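Spelled out, the chains give:
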Amino acid sequence: MDEFMLGGLIVLFTAVLPCLVLGFLIAFQGRRGLISGWQEDKISDPEKGGRIIGTSLMVMAVLLAIVTLLWFLHFFTEDELVYFILPCALVPIVASFYVKIKLKIR
């Protein structure tokens, strides 16, 4: 097993699968308590906010899977991998700021 295979498996089991599962639970099962710092009474539409954050988490997981697969197939180096992973990780952060700004109770 080479380092690319091992790296891909580590990302798959420690990032992609947990983010997909937790995103699904948050977005579609209503488990908004999994969101760190979530307070239902401070959001005007908690269901919509949970859907946005959960969906963004699933989008991040898919993007991480694509980037890791492309890295595994040697489309770019490990140094370039950082430049592709950072924007993927920002997706749920931007979504949480969006929810906080648009759906907070005034």
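Reading the values: the criteria
- One numbering rule holds for all chains: residues counted from 1, following each sequence as written.
- For this predicted model, a pLDDT threshold of at least 70 governs which residues receive local features, and a threshold of 80 or more governs which side-chain atom pairs are given and counted, while totals over whole chains, interfaces and linings are taken from all residues.
- Only hydrogens and water are set aside; all other atoms, that is, all heavy atoms of the structure, feed into the side-chain values.
- Only DSSP runs of H or I with at least four residues qualify as helices, and only runs of E with at least two residues qualify as strands; both kinds are numbered from the N terminus onward.
- The buried label goes to any residue with under 20% of its type's maximum accessible area, the exposed label to any with over 50%, and the partly exposed label to all in between, with areas taken from a 1.4 Å probe on protein chains only.
- The contact definition used throughout considers only heavy atoms, calling two residues in contact when any of these lie within 4.5 Å.
- Here the open area of atoms and residues is found with the Shrake-Rupley method and a 1.4 Å probe, where only the protein chains shown may cover a residue.
- Lining residues are defined by having an atom within 4 Å of a point belonging to a cavity or pocket. Those points lie on a 1 Å grid over the protein atoms alone, cavities being sets where a 1.4 Å probe fits but cannot get out and pockets being open sets with protein on both sides within 12 Å along at least five of seven lines.
- Grid points are joined across faces, edges and corners, and a volume is the space filled by probe spheres set on the points.

Undergrad: Is there a simple way to think about the overall build of the protein chain in this case?
TA: Counting secondary structure elements, the protein chain contains three helices and zero strands. For the protein chain, the C-alpha atoms occupy an extent of roughly 50 × 25 × 15 Å along the three principal directions. Burial analysis of the protein chain (106 residues in total) assigns 32% to the buried set. When contacts within the protein chain are restricted to residue pairs at least 6 apart in sequence, long-range pairs at least 24 apart make up 67% of them. Accessible surface computed for the protein chain: about 7,000 Å², of which carbon and sulfur atoms make up 69%.

Undergrad: Before we go on, may I ask you to explain the layout of surface pockets in this structure?
TA: Which parts of space are left empty comes out when a probe the size of a water molecule is rolled across the atoms. Considered as a void within the structure, the largest pocket measures approximately 460 Å³ in volume. Around the largest pocket, the lining comprises 17 residues; the ones closest to its centre are I35, S36, G37, W38 and I53. Every element with two or more residues in the lining of the largest pocket is listed here: α1 (3-28), α2 (46-72) and α3 (78-102).

Undergrad: Whenever I open this one, unusual backbone geometry confuses me. Can you help?
TA: Peptide bonds are, in most cases, trans, and in most cases residues other than glycine have a negative phi. Residue H74 is not a glycine yet carries a positive backbone phi of 65°. You can see H74 is positioned in the loop between α2 and α3.

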